[in-house]
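One letter stands for each residue in the lines below.
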Amino acid sequence: MPAVVIIGAQWGDEGKGKATDLLGSRIDYVVKFNGGNNAGHTVVVGDEKYALHLLPSGILTEGVVPVIANGVVIDIEVLFEELDALNARAVDTSKLVVSANAHVITQYHRTLDKVTERFLGSRQIGTTGRGIGPSYADKINRVGIRIQDLFDENILRQKVEGALHQKNHLLVKIYNRRAISVDEVVNDLLSYADRLRPMVVDTGLLLNQALDAGKTVVFEGGQATMLDVDHGTYPFVTSSNSTAGGASTSASIGPGRI
């Protein structure tokens, strides 16, 4: 069966999470392919209400493999907070897989997001301040930190040093903020590595093999069409491609699969 992409046609809140949940009994994989914890899906199961920001809503459906794909930017602290909250309510989260190529939101991304927005004054974009935009900017500028970098301390340290060299100049000399130390960031990220390691896979390979095997894969878009960075109401948009084309590149599947 081809992949199914659920896309909002407006600015969000169209009911994408509900649509994914309604399909739950007929799907094998559900994939979050874009955005970060700036999106929000609320799913109601019986008398229980679940608010999900980073996890795909299909994680609540028994037997479905939830996937966080390469196009997502991940705040690892938020990831584990959501997992712990679901585990406390007896939700099985053991099937979750995370792309090794997904980029990481660090503390300096969150700091820069907030101070930059305040600096814009009346020209503010309305960012959530969660570091999503700065993380995507680092990805495009080729100074981003990827999930797989957490498993090699030397590589991680080199990348953090390279990223902070410029960012600390901005924070100190322009925004009058304190510099962020390399050790501070590296130690924070490394503290998650052992717990994260079992979840990390090549999600592009996993999803293509699933589609080859006839599995049903649903791609759940964050935000919506009018927030797409290329096709939305620019500049008041998100920092990723939230349309069906975004599902293709952001989850490593060919467009003919959809």
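The structure this text deals with has already been given above.
Residues numbered from 1 in each chain as written. Predicted model: local features only at pLDDT ≥ 70, side-chain atom pairs only at ≥ 80, totals over all residues. Heavy atoms only, no water.

S.K.: I would appreciate a short explanation of the nonpolar core in the present structure.
M.R.: Burial of nonpolar side chains together is a common tendency in soluble globular proteins. Core analysis: the largest hydrophobic core is formed by 42 residues, its most contacted members being I74, I76, L79, I147, L150 and L196. Those elements that provide at least two residues to this core are β4 (48-52), α2 (76-88), α3 (107-120), α5 (153-174), α6 (182-190) and α7 (193-196). Sequence-distant contacts of L150, that is, excluding residues within four places in its chain, are made with I76, V104, I145, L156, L189, L190, A193 and L196. Grouped together as the second largest cluster of nonpolar side chains are 17 residues, F33, V67, V217 and A251 included. (Core = buried A, V, L, I, M, F, W, Y, C linked by side-chain atoms within 4.5 Å. Buried < 20%, exposed > 50% of the residue type's maximum accessible area, 1.4 Å probe, protein only. Helix = DSSP H or I, 4+ residues; strand = E, 2+ residues; numbered from the N terminus. Contact = heavy atoms within 4.5 Å.)

S.K.: What's the story with α2 in this structure? I'm lost.
M.R.: Given 3.6 residues per turn, any residue in an α-helix points the same way as the ones three and four places further on. Along its 13 residues, α2 runs 18 Å from first to last C-alpha, staying within 8% of the 18 Å computed at 1.5 Å per residue. Turning to α2, its buried residues number three or more, namely I76, V78, L79, F80, E82, L83 and L86. Structurally, α2 contributes buried residues whose contacts are with β4, β5 (65-68), β6 (73-74), β8 (103-104), α6 and α7. Structurally, the start of α2 carries an N-cap: the backbone nitrogen of E77 is 3.2 Å from a side-chain oxygen of D75. (Expected span 1.5 Å × (residues − 1). Polar contact = N/O pair within 3.5 Å; in protein donor to acceptor, adjacent residues only side chain to side chain.)

S.K.: Mind showing me how you'd approach the pattern of salt bridges here?
M.R.: Pairing is possible between side chains that carry opposite charge, provided their charged atoms lie close to one another. Summed over all chains, the structure comprises 9 salt bridges. Its salt-bridge partner being D138, residue K167 comes within 2.9 Å of it at the nearest N-O pair. Of this pair, K167 sits in helix α5 while D138 sits in helix α4 (residues 132-140), and the two are 29 residues apart along the sequence. Like D138, K167 is buried. With a closest N to O distance of 2.9 Å, R178 and E184 form a salt bridge. When its relative accessible area of 54% is taken as the criterion, R178 is described as exposed. Through salt bridges with shared partners, one network takes in E153, R157 and D183. (Salt bridge = Lys/Arg side-chain N within 4 Å of Asp/Glu carboxyl O.)

S.K.: Explanation requested: the side chain of T238 in the structure shown.
M.R.: Position of T238 among the secondary structure elements: in the loop between β10 (217-220) and α9 (244-251). T238 sits in the buried class, given a relative accessible area of 9%. The contact partners of T238, leaving out residues within four places of it in the chain, are N38, Q223, L227 and V229.

S.K.: What's the story with empty space enclosed by the protein in this structure? I'm lost.
M.R.: A water-sized probe, rolled over the atoms, reveals where empty space remains. Taken as a whole and assessed by the stated rule, the structure comprises 2 cavities of 30 Å³ or more. Each pocket or cavity is described by its volume, and for the largest cavity that value is around 60 Å³. Lining the largest cavity are D75, I76, E77, V104, I105, T106, Q107, R110, D188, L189 and Y192. Residue assignment for the lining of the largest cavity shows that the elements contributing at least two residues are α2, α3 and α6. Across the lining of the largest cavity, the residue classes break down as 5 nonpolar, 2 polar and 4 charged. (1 Å grid on protein atoms, 1.4 Å probe; cavity = no way out; pocket = protein on both sides within 12 Å on 5 of 7 lines; lining within 4 Å. Points joined across faces, edges and corners; volume = space filled by probe spheres on them. Nonpolar A, V, L, I, M, F, W, Y, C, P; charged D, E, K, R; others polar.)

S.K.: What is the right way to read the environment of N154 from this model?
M.R.: Here N154 is to be found in helix α5. Put simply, N154 and L83 are 71 residues apart on the chain and 28 Å apart in space, counted from C-alpha to C-alpha.

S.K.: Any chance you could explain the sheet that holds strand β9 (residues 200-201) here in plain terms?
M.R.: In space, the 6 strands of this open sheet follow the order β1-β10-β2-β5-β7-β9, with parallel pairing throughout. At either end of the open sheet lies a strand with only one pairing partner, and these are β1 (4-6) and β9. Relative to β5, strand β2 (residues 29-32) runs parallel, the two sharing 4 bridges. When the bridges of β5 are listed, Y29 appears paired with V65. (Pairing = 2+ DSSP bridges.)

S.K.: Please explain the environment of P2 as it appears in this structure.
M.R.: Summarising the element assignment, P2 is placed in the segment before β1. Distance in space between the C-alpha atoms of P2 and S250 is 17 Å, their sequence separation being 248 residues.

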